[in-house]
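# Secondary and tertiary structure notes
Each chain, letter by letter, is given below.
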Amino acid sequence: MPAVKKGLIAAACSFAITGITPSFVDAAPVEAIKESRQPNVLLIFADDLGYADAGFQNQSKDVETPNLDRLAADGAILTAGYVTAPVSGPSRAGLMTGRYQQRFGYHDNIGPFVLEEDIVQGLPLDLKTMADYFKEAGYRTGMVGKWHDGDPKEYWPHNRGFEDFFGFNNGAANYWVGPRNLKKYKNKPYAAIYRNDELVPEFDEYLTDRFGTEAVNYIEKRKDDPFFLFVPFNAIHGPLQAKKEDLERFEHIEDVKRRTSVAMSYNMDQNIGRILDKLEEHDLMEDTIIFFLSDNGGKIEGNYSYNFPLRSEKGTLWDGGVRIPFSVTWRGTIPAGQTLDEPVISLDILTTSLAGAKIKQQEEWQLEGVNLLPYLKGEKTQLEDRFLFWENSRSSAIRDRDWKLIVPNKHHKNANPQLFNISEDIGEQNNLFRKHPGEVKRLQQAFDKWNADNEPSKWGWGRDLFPFTNGYRGRND
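Keep in mind it's a predicted model, so treat the numbers as computed, not measured. (Residues numbered from 1 in each chain as written. Predicted model: local features only at pLDDT ≥ 70, side-chain atom pairs only at ≥ 80, totals over all residues. Heavy atoms only, no water.)

### A closer look at the packing of aromatic side chains
- Taken as a whole, this structure holds 27 aromatic pairs when the rule is applied.
- Taking 5.1 Å as the distance between ring centres and 50 degrees as the angle between the ring planes, the aromatic pair formed by Y82 and W390 counts as tilted. With Y82 in strand 3 (residues 81-82) and W390 in strand 14 (residues 388-391), this pair connects stretches of sequence that are 308 residues apart.
- An angle of 0 degrees between the planes, with centres 4.6 Å apart, marks the rings of F389 and W450 as stacked. Separated by 61 residues along the polypeptide, F389 in strand 14 and W450 in helix 13 (residues 437-451) bring together distant segments of the chain. There is no split in this pair, since F389 and W450 are both buried.
- Of the aromatic side chains, those joined through ring pairs into one cluster are F45, F134, Y139, W147, F162, F228 and F230.
- Sitting over the ring of W156, K153 keeps its end group 5.1 Å from the ring centre.
- Note that R210 overlies the ring of F203, its terminal NZ or CZ placed 4.7 Å from the centroid. (Phe/Tyr/Trp six-rings, centres within 6.5 Å; stacked < 30°, edge-to-face > 60°. Helix = DSSP H or I, 4+ residues; strand = E, 2+ residues; numbered from the N terminus. Buried < 20%, exposed > 50% of the residue type's maximum accessible area, 1.4 Å probe, protein only. Lys NZ or Arg CZ within 6 Å of the ring centre and 35° of its normal.)

### Quick look at the layout of surface pockets
- Of the voids in this model, the largest pocket is the one considered here, and its volume is about 980 Å³.
- Around the largest pocket sit 42 residues that line it, and N109, H148, G171, W461 and R473 are the ones nearest its centre.
- The residue inventory of the lining of the largest pocket, partitioned by class, reads 12 nonpolar, 17 polar and 13 charged. (1 Å grid on protein atoms, 1.4 Å probe; cavity = no way out; pocket = protein on both sides within 12 Å on 5 of 7 lines; lining within 4 Å. Points joined across faces, edges and corners; volume = space filled by probe spheres on them. Nonpolar A, V, L, I, M, F, W, Y, C, P; charged D, E, K, R; others polar.)

### Looking at unusual backbone geometry
- With omega at 5 degrees, the peptide bond leading from G238 into P239 counts as cis.
- Tracing the sequence through the fold places P239 in the loop between strand 9 (227-232) and helix 8 (244-249).
- Despite not being glycine, N58 has its phi angle at roughly 55 degrees, a positive value.
- Residue placement: N58 occurs in the loop between strand 1 (40-46) and helix 3 (66-73).

### Here we look at helix 7 (residues 207-222)
- With 16 residues, helix 7 extends 22 Å from end C-alpha to end C-alpha; this agrees with the ideal 22 Å at 1.5 Å per step.
- The buried fraction of helix 7 is high, at 13 of 16 residues. (Expected span 1.5 Å × (residues − 1).)

### Observations concerning the pairing of strand 15 (residues 396-399)
- Because side chains alternate across strand 15, one face comprises the buried residues S396 and I398, and the other comprises A397 and R399, equally buried.
- Strand direction decides the pairing type here: strand 14 and strand 15, joined by four bridges, are antiparallel. Across the sheet, the residue bridging to F389 is I398, located in strand 15.
- A loop of four residues connects strand 14 with strand 15, the two strands running antiparallel in sequence.
- Judged from the four bridges that link them, strand 15 and strand 16 (residues 403-407) form a sheet pairing that is antiparallel. (Pairing = 2+ DSSP bridges.)

### As for empty space enclosed by the protein
- For the structure shown, the criterion picks out three cavities of 30 Å³ or more.
- Of the volumes computed, that of the largest cavity is approximately 90 Å³.
- Taken together, G89, R92, A93, M96, Y106, L123, K146, W147, H148, D149 and F230 form the lining of the largest cavity.
- Of all the elements in the fold, those that place two or more residues in the lining of the largest cavity are helix 4 (88-97) and strand 5 (140-147).
- In terms of residues, the lining of the largest cavity owes the most to one element, helix 4, which gives four residues.

### Some points on the confidence of the model for the protein
- Put simply, the protein has an average pLDDT of 92, and 92% of its residues get 70 or more.
- Within the model, the stretch residues 1-34 combines pLDDT values under 50 with 18 contacts to residues more than four positions away or in other chains. (pLDDT = per-residue confidence, 0-100. Contact = heavy atoms within 4.5 Å.)

### A few points about the sheet that holds strand 16
- Here four strands make up an open sheet; going across it, the order is 14-15-16-17 and the pairing antiparallel. The open sheet terminates on both sides in strands that have one partner only, identified here as strand 14 and strand 17 (418-421). Between one strand and the next, the sheet's axes are offset by a mean angle of 10 degrees, whatever the strand orientation.
- In the packing of helix 13 onto the sheet, contacts are made with strand 14, strand 15, strand 16 and strand 17, and the angle to strand 16 comes to roughly 65 degrees. (Axes fitted to C-alpha atoms, helices over the stretch in contact; angles between N-to-C directions.)

### Some remarks on the pattern of salt bridges
- Enumeration over the complete set of coordinates arrives at 37 salt bridges.
- In this structure, K146 and D47 form a salt bridge, with 2.7 Å as the shortest nitrogen-oxygen distance. Residue K146 is found in strand 5, and its partner D47 is found in the loop between strand 1 and helix 3; the two are separated by 99 residues along the sequence.
- In this structure, E428 engages K404 in a salt bridge whose closest nitrogen and oxygen atoms are separated by 3.0 Å. Within this pair, whereas E428 is found in the loop between strand 17 and helix 13, its partner K404 is found in strand 16, the two being separated by 24 residues in sequence.
- On the accessibility criterion, K404 (0% relative accessible area) is buried. (Salt bridge = Lys/Arg side-chain N within 4 Å of Asp/Glu carboxyl O.)

### Describing the environment of G369
- Assignment of secondary structure puts G369 in the loop between helix 11 (347-356) and helix 12 (373-376).
- Of the residues examined, G369 reaches a relative accessible area of 12% and is grouped as buried.
- Note: C-alpha distance between G369 and S346 (23 residues apart in sequence) is 7.8 Å.

### Digging into the packing of helix 7 against helix 9 (residues 256-281)
- The N-to-C vectors of helix 7 and helix 9 enclose an angle of 10 degrees; their axes lie 9 Å apart at closest approach. Here helix 9 runs roughly parallel to helix 7, going by the angle between their axes. Taken together, the residues of helix 9 that come into contact with helix 7 (itself represented by T208, D209, G212, T213, A215, V216, I219 and E220) are N267, M268, N271, R274, I275, K278, L279 and E281.
- Broken down by class, the residue content of the contact of helix 7 with helix 9 amounts to six nonpolar, five polar and five charged. (Parallel < 35°, antiparallel > 145°, perpendicular 65-115°, else oblique.)

Right under this line is the structure:
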């Protein structure tokens, strides 16, 4: 309990005992308590949700996400929001550290091949996570959902700054795992559900619903203290599995797979609504910074999520792989009803959250995001000029406010570099590579300077690049 609050309660008890009625009792305690509280930080992460698959994007007519829409309407929609990678693992590594994951060789998902024989795959244990920073500042820290990192327990969330973890550590999980969680553990232990170190007993709940329940319970449990809660849903990542009643709601969608995908996103939205309702119940919306985004773009023929008007999909460095639905809400601090077009990236979340919580950022943390609050609050009309970078074992890309240079096949003789005026050509259709050699040179030089400080990719999926076998997805089972 905050010291100010404890003191006020003690004073109130003292006055009650002595029968004295102080003149400040009517107003000052509530104001003092309010001012003493640091804001909660709630980070909601969808999985493989396409750019067009949130209703507030106004791109797809078949999706229904009323709670995401009300959340976005209560704050700011960031139309040029990006993540640091087009696949789950490295995207989360960048998000959690506030640093480009290439700095520590985490270019791709954990895979079957490694660069050197003794490499252990996962987020390096000497790096702090977002949860570490908040825990050290006195916050309660919790995570509910999908973690996608190294297999040894020391890499799991409850050993990376989160006091409370409920979920799984794997790329995917069955949505009906609950009634057979113990059996699932015997066959595929990494797709089973845990609470910290303990395997969860059988439960009869659709997995997205259970994650919603756990998040609501966490808020109820920690409502009196500042908390950082990370809720990375595995929806709408495959397998494509939806509840019957949700499928029936969208029976008008003829394509069965698209219908299932939309039903899954609707269910996730309903659970996000439960989380928001719990915050409302305890009058915490003005005390909570809420970020929503997806871990990467949608996989059109994987989970039938849509990215239009963007080009391509998950796994690529076209905008369809890395540009995602993104909103930020902090009622009473960030003006509602905003649509903002400056390019931002998931790295900005940690820096912005620390600033909102008045936690001083240390230079040795080497965080690479920027504080978005002055921009979100309308104190600045645009962000400082900067570059955003992407790089994996096959491709690279860089953009600033107006231009994007992408090299889709960097190891090929015909690397096929392409340049787009991305602020005017959101679909990356008009290649200006030959027309603007000066812009190509400028962007390539900036990329090379950034890349010089990166470690080589330590693992991946191509035997031609990684000479040592490391078991199936880095596992020997």
